[in-house]
There are 2 protein chains.
Amino acid sequence: VTLSGDGAPGLRSALVTVGEELLLGRTVDTNAAWVSGRLADLGAPVIRRFTVGDEDTAIAEALRRALDCAEIVVTSGGLGPTSDDRTREAVAGSLGRRLLLDRELLARLEERFRHRGYDELPPANRSQAEVPEGSTALPNPVGTAPGLVLTQEGRMVILLPGVPRELQALFHAVEDRIRDAFGPRLRPVRIRTLHTTGIPESVLAPRVEKAMEGVSDIEVAFLPDLEGVDVRFTARDRDEDTAEAALDAAEERLAPVLGEYRVPGSGDVAREVVEVLTRRGWTLGLGESCTGGLVARRITDVPGASTVLLGGVVAYANPAKVRYLGVPEEVLAERGAVSAEVARAMASGAARAFEADCGVGITGVAGPGGGTPDKPVGTVHVAASVGGRVQTEAWRFSGDREAVRIRSAQAALTLLLRMIQEAE
Amino acid sequence: VTLSGDGAPGLRSALVTVGEELLLGRTVDTNAAWVSGRLADLGAPVIRRFTVGDEDTAIAEALRRALDCAEIVVTSGGLGPTSDDRTREAVAGSLGRRLLLDRELLARLEERFRHRGYDELPPANRSQAEVPEGSTALPNPVGTAPGLVLTQEGRMVILLPGVPRELQALFHAVEDRIRDAFGPRLRPVRIRTLHTTGIPESVLAPRVEKAMEGVSDIEVAFLPDLEGVDVRFTARDRDEDTAEAALDAAEERLAPVLGEYRVPGSGDVAREVVEVLTRRGWTLGLGESCTGGLVARRITDVPGASTVLLGGVVAYANPAKVRYLGVPEEVLAERGAVSAEVARAMASGAARAFEADCGVGITGVAGPGGGTPDKPVGTVHVAASVGGRVQTEAWRFSGDREAVRIRSAQAALTLLLRMIQEAE
């Protein structure tokens, strides 16, 4: 157990998510991430999560394990009105409590159904007013299942419904309860994420680790995906000022190490492109082949993109490259569609076609077919044109069709961003 | 414990997902759902899941609990090259095994880095060749972290990397191992999903429930998302023939209820469009405004799309609509950019511009800005042109920017698919 700054043990939470659909893998457990994030921000981070089906013994067992390691246990799911909703009974059984009818809750449920035009409460819903002895109900503003709060030997057990919008609607009340009970012991987890692109994790990590040698008040983690590697700093069990100072110091140490690989701000290169273009009043046109509109999609994912993106052409076939982007037919014939020259012509052509200040061109072999010994799957040429100046980059990406396309879009956007920043 | 048909105990799996980012709630645990789904399909459904941080004792404890309740334990995460990757060591420790250097694995890693242009293996990656004694490595085709398989007292422990693409790429090999070891005891959970689009869950569900009255050998669930509502049938612990017969009967009962809302085949409307266009030898051009290339993205997500998709224009600004799609300026002036007439002109214009048999046009207000009392956020006009015949649809979608765009693309593709099917 980590001790917090003032010598009191850090407060810890555990989570039990309940539902057969989770175990079947047909539903992604977004509640687990959502609740975990809120509890970390609140200062009671989750240290264990358990997922079980709609079965009393499994729920009861998970609750016991959770109480063994944490002072706050949150469950989600199994509070509905049907026979496969087992959480109330399982928790009551596990804590040695009876299920009692909560008359106030029953009145609230009856009122809710009257309001919806029912003469009486459907019998199934009556079970939702039966709660473990000693629990307090948290009203559910968007559904029938109330949240329930119990205390057990100084620990707090919180039962929440599994429907994400109901769980989320109840969570403010949960936070109030936790603050009331544990206030002085809460220590929000502070997280700062630095984003990089264009450098592999195994090359980046040792450089970061070297720079961070001797720093013990910050945890460092690496989170790779197809668009780059994020470096995440975490400060725990500290007061806010100390934590922020430690994060600032860590970020400063890393600045020279990350260098040109760092993606500023949000870490989303497309967002950065839109922001810097907006600031300068510049515009953009896109010419995409193998990425099939992915760059357009990423740019238009950013609200406000319409002021900078004048248009884009998905030019899959060669005639479209010629007609809409003005790629010379002889360049296509001599160099092939997948070539630096064609990428260059597509970038300038996209800028020209939409009368934009900047253009992007991408051509490559995303696979699974279309590879040759000379130009295997993963061969991609990206180009950016900024104020008439054009640069190209040749890449050989690994991975399947989707990976190649995601990496290609990211490479093109990164090249464009760097050129815009240099262009000043 | 459920017994499978032949009296042998059903095979059960447990899952341990590892990663501080999961507990911090910064990453949604999609691996858990993905692996759970595959194991259910294979016939070794998951009965417990555990999530822990990057910490040896927590990983070891979860592994022990998992082995207590399941014959197959899968872990994900913590196999990377950096110091916060703890799974190899924790598992070795928990099972009382040493970590040994796997020379074959080392050679494969060295080869991989040579291929990417590195003179030697980064030292951090060398740790990835150190594996618990007695484990077999499963080659990773898309990354550096191999999967590892161990057996322990008749149980199987499978360690997989946490990067979803890598975990998924390795899973075929995992399935082979499980089949080899447990073949006759596998009882696939049979799931059949019928896809619908264009009908709300609250209208669909009562109709389905009425049609399914008296059916007890099939579980029915509703899974709504932004593209439509899936109806899921589940048959468990039955032999394949009985299960398939029950699923067939259920599907037949529902056919008249789903009617025109049913999406055939894969349930992916874009894939169906590409397939039917390919069969007919027809081609497609796209004109998108508020969807910003999302339809192009969905179409080009389908391998083989290049033979049908001649091109697409993302025409955000009005001049682009005029110049590239031939939308008449007076229509834009009179009706406004967000109008049925402009959608119609964009669809015909896209077909004409790319000399394609079919065209799609989409214009709308995706938000968050841009709404007016007349045309609030969510107002979208979609149009499809098939062999010169054009139809439009007006929608008012709820939800945020992303929701509106996803629903718009789906509506346009659905309209196009229906028109192609009607066109003979």
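For clarity, every value in this text was computed on a predicted model and none was experimentally measured.

Caption draft 1: Highlighting the overall build of chain A. Per the secondary structure count, chain A includes 15 helices and 17 strands. Counting the 424 residues in chain A, one finds 55% classified as buried. The long-range share in chain A, meaning contacts at least 24 apart out of those at least 6 apart in sequence, stands at 66%. Looking at chain A as shown, the accessible area adds up to about 17,200 Å², and 48% of this sits on carbon and sulfur atoms.

Caption draft 2: Representation of unusual backbone geometry within the structure. With an omega of 0°, the peptide bond running from Gly-367 of chain A to Pro-368 of chain A counts as cis. Tracing the sequence through the fold places Pro-368 of chain A in the loop between strand E15 (358–364) and strand E16 (379–386). The backbone of Asp-237 of chain A shows a phi angle near 55°, a positive value even though the residue is not glycine. In this structure, Asp-237 of chain A sits in the loop between strand E11 (228–235) and helix H9 (240–258). For Asp-237 of chain A, a relative accessible area of 6% corresponds to the buried category. The backbone of Glu-153 of chain B sits at a positive phi, close to 50°, despite the residue not being glycine. Considering the arrangement of structural elements, one finds Glu-153 of chain B in the loop between strand E7 (147–152) and strand E8 (155–160). For Glu-153 of chain B, a relative accessible area of 75% translates into the label exposed.

Caption draft 3: Expanded view of the sheet that holds strand E16 (residues 379–386) of chain B. Here ten strands make up an open sheet; going across it, the order is E17(A)-E16(A)-E15(A)-E13(A)-E14(A)-E14(B)-E13(B)-E15(B)-E16(B)-E17(B) and the pairing mixed. Pairing within the sheet leaves two strands with one partner each, and these edge strands are strand E17 (389–396) of chain A together with strand E17 (389–396) of chain B. Geometrically, the sheet is characterised by an average inter-axis angle of 10° between neighbouring strands, direction not taken into account. Sheet topology places strand E13 (residues 284–288) of chain A next to strand E14 (residues 309–314) of chain A; five bridges connect them, and they run parallel. The residue of E14 of chain A that forms the bridge with Gly-285 of chain A is Gly-311 of chain A.

Caption draft 4: Focus on the interface of chain B and chain A. Listed per partner, the contact involves 75 residues of chain B and 77 residues of chain A. When chain B packs against chain A, close to 6,100 Å² is buried across both sides, 53% of that on carbon and sulfur atoms. Area buried by chain B at its contact with chain A is led by Arg-49, Arg-165 and Arg-297 of chain B, which between them contribute 11% of it. There are eleven salt bridges connecting chain B and chain A. When the shortest N-O distance is used, the salt bridge between Arg-48 of chain A and Glu-61 of chain B registers 3.3 Å. Seen at the junction of chain B and chain A, the total is 29 residue pairs in polar contact (both at pLDDT 80 or more). Grouping the constituent residues of the side of chain B that touches chain A by class yields 36 nonpolar, 17 polar and 22 charged.

Caption draft 5: Structural context of the side chain of Arg-49 of chain A. Relative to the helices and strands, Arg-49 of chain A is located in strand E2 (residues 46–52). At 3.0 Å, the side chain of Arg-49 of chain A forms a polar contact with the side chain of Ser-36 of chain A. Only 2.7 Å separates the side chain of Arg-49 of chain A from the backbone oxygen of Leu-22 of chain B, close enough to count as a polar contact. If we skip the residues at most four places from it in the chain, Arg-49 of chain A touches Leu-15, Ala-32, Ala-33 and Ser-36 of chain A together with Leu-22, Leu-23, Asp-29, Arg-49, Phe-50 and Thr-51 of chain B.

Caption draft 6: Structural context of the confidence of the model for chain A. All names here are of chain A. Residues with a pLDDT of 70 or more make up 96% of chain A, whose mean pLDDT is 90. Taking the mean pLDDT of every element in chain A, the minimum, 72, falls on helix H6 (residues 123–126) and the maximum, 98, on strand E3 (residues 72–76). Ignoring residues within four places in sequence, the model shows residues 1–8, a span with pLDDT below 50, making 15 contacts including any to other chains. Here the predicted complex carries an ipTM of 0.78, next to a pTM of 0.72.

Caption draft 7: Spotlight on the packing of helix H2 (residues 30–42) of chain B against helix H7 (residues 164–182) of chain B. Residues and elements named next belong to chain B. For the pair H2 and H7, the least separation of the axes is 11 Å and the interaxial angle reads 25°. Classified by the interaxial angle, the pair formed by H2 and H7 is roughly parallel. In terms of crossing hand, the pair formed by H2 and H7 is right-handed. Of H7, the residues touching H2 (which contributes Thr-30, Asn-31, Trp-34, Val-35, Arg-38, Leu-39 and Leu-42) are Pro-164, Leu-167, Gln-168, Phe-171, His-172, Glu-175, Ile-178 and Arg-179. Here the residues of the contact of H2 with H7 are counted per class, giving eight nonpolar, four polar and three charged.

Caption draft 8: Quick look at the side chain of Thr-234 of chain B. Looking at the secondary structure, you find Thr-234 of chain B in strand E11 (residues 228–235). The buried category is assigned to Thr-234 of chain B, whose relative accessible area is 2%. When neighbours within four sequence positions are excluded, Thr-234 of chain B is seen to be in contact with Leu-24 of chain A together with Val-189, Arg-190, Ile-191, Asp-217, Ile-218 and Glu-219 of chain B.

Caption draft 9: Empty space enclosed by the protein, seen in detail. Scanning the model with the defined rule gives two cavities of 30 Å³ or more in all. There is about 70 Å³ of room inside the largest cavity. Tallying contributions element by element places strand E2 (residues 46–52) of chain B first for the lining of the largest cavity, with three residues. Grouping the amino acids of the lining of the largest cavity by side-chain chemistry returns three nonpolar, four polar and four charged. Of the voids in this model, the second largest cavity is the one considered here, and its volume is about 40 Å³. Phe-50, Thr-51, Val-52, Ala-58, Glu-61, Ala-62 and Arg-65 of chain A together with Arg-48, Arg-49 and Phe-50 of chain B are the residues that line the second largest cavity.

Caption draft 10: Inspection of the pattern of salt bridges at higher detail. In the structure shown here, the tally under the stated rule is 50 salt bridges over all chains. Notably, a salt bridge pairs Asp-41 of chain B with Arg-26 of chain A, separated by 3.0 Å at the nearest N-O pair. One end of the pair, Asp-41 of chain B, is in helix H2; the other, Arg-26 of chain A, is in the loop between helix H1 (20–23) and helix H2 (30–42), on a second chain. By relative accessible area, Asp-41 of chain B is classed as partly exposed at 37%. Notably, a salt bridge pairs Arg-405 of chain B with Asp-301 of chain A, separated by 2.8 Å at the nearest N-O pair. With one member in each of two chains, Arg-405 of chain B in helix H15 (residues 401–422) and Asp-301 of chain A in the loop between helix H11 (294–300) and E14 form a pair that bridges those chains. Taking the relative accessible area as the measure of exposure, Arg-405 of chain B reaches 2% and is therefore buried. In this structure, a network of salt bridges that share partners links the residues Arg-190, Arg-192, Glu-240, Glu-244, Asp-248, Glu-251 and Arg-262 of chain A.

Caption draft 11: Inspection of the packing of aromatic side chains at higher detail. Summed over the entire model, instances satisfying the criterion amount to eight aromatic pairs over all chains. Taking 5.0 Å as the distance between ring centres and 45° as the angle between the ring planes, the aromatic pair formed by Tyr-324 of chain A and Phe-354 of chain B counts as tilted. Residue Tyr-324 of chain A is found in helix H12 (residues 318–325), and its partner Phe-354 of chain B is found in the loop between helix H14 (340–353) and strand E15 (358–364); the two belong to separate chains. Since its relative accessible area comes to 7%, Phe-354 of chain B is described here as buried. Ring pairs connect the aromatic residues Tyr-324 and Phe-354 of chain A together with Tyr-324 and Phe-354 of chain B, which therefore count as one cluster.

Caption draft 12: Quick peek at the pairing of E14 of chain A. Most of E14 of chain A is tucked away: six of the six residues are buried. Alignment of E14 of chain A against strand E14 (residues 309–314) of chain B, held across three bridges, turns out to be antiparallel. Bridge pairing in E14 of chain B links Val-313 of chain A to Val-313 of chain B.

Caption draft 13: View of the sheet that holds E3 of chain A. Here we have twelve strands laid out as an open sheet, ordered E6(A)-E7(A)-E8(A)-E3(A)-E1(A)-E2(A)-E2(B)-E1(B)-E3(B)-E8(B)-E7(B)-E6(B), and mixed in their pairing. The sheet terminates laterally at strand E6 (136–138) of chain A together with strand E6 (136–138) of chain B, the two strands that pair on one side only. Across the sheet, the mean angle from the axis of one strand to that of its neighbour is 20°, orientation sign disregarded.

About the criteria used
- Residues numbered from 1 in each chain as written.
- Chains lettered and ligands numbered in written order.
- Predicted model: local features only at pLDDT ≥ 70, side-chain atom pairs only at ≥ 80, totals over all residues.
- Heavy atoms only, no water.
- Helix = DSSP H or I, 4+ residues; strand = E, 2+ residues; numbered from the N terminus.
- Buried < 20%, exposed > 50% of the residue type's maximum accessible area, 1.4 Å probe, protein only.
- Contact = heavy atoms within 4.5 Å.
- Areas by Shrake-Rupley, 256 points an atom, 1.4 Å probe, with all protein chains shown as cover.
- Pairing = 2+ DSSP bridges.
- Axes fitted to C-alpha atoms, helices over the stretch in contact; angles between N-to-C directions.
- Buried area = accessible area lost by both parts, 1.4 Å probe.
- Salt bridge = Lys/Arg side-chain N within 4 Å of Asp/Glu carboxyl O.
- Polar contact = N/O pair within 3.5 Å; in protein donor to acceptor, adjacent residues only side chain to side chain.
- Nonpolar A, V, L, I, M, F, W, Y, C, P; charged D, E, K, R; others polar.
- pLDDT = per-residue confidence, 0-100.
- Parallel < 35°, antiparallel > 145°, perpendicular 65-115°, else oblique.
- Left-handed = near helix turned anticlockwise from the far one by under 90°.
- 1 Å grid on protein atoms, 1.4 Å probe; cavity = no way out; pocket = protein on both sides within 12 Å on 5 of 7 lines; lining within 4 Å.
- Points joined across faces, edges and corners; volume = space filled by probe spheres on them.
- Phe/Tyr/Trp six-rings, centres within 6.5 Å; stacked < 30°, edge-to-face > 60°.

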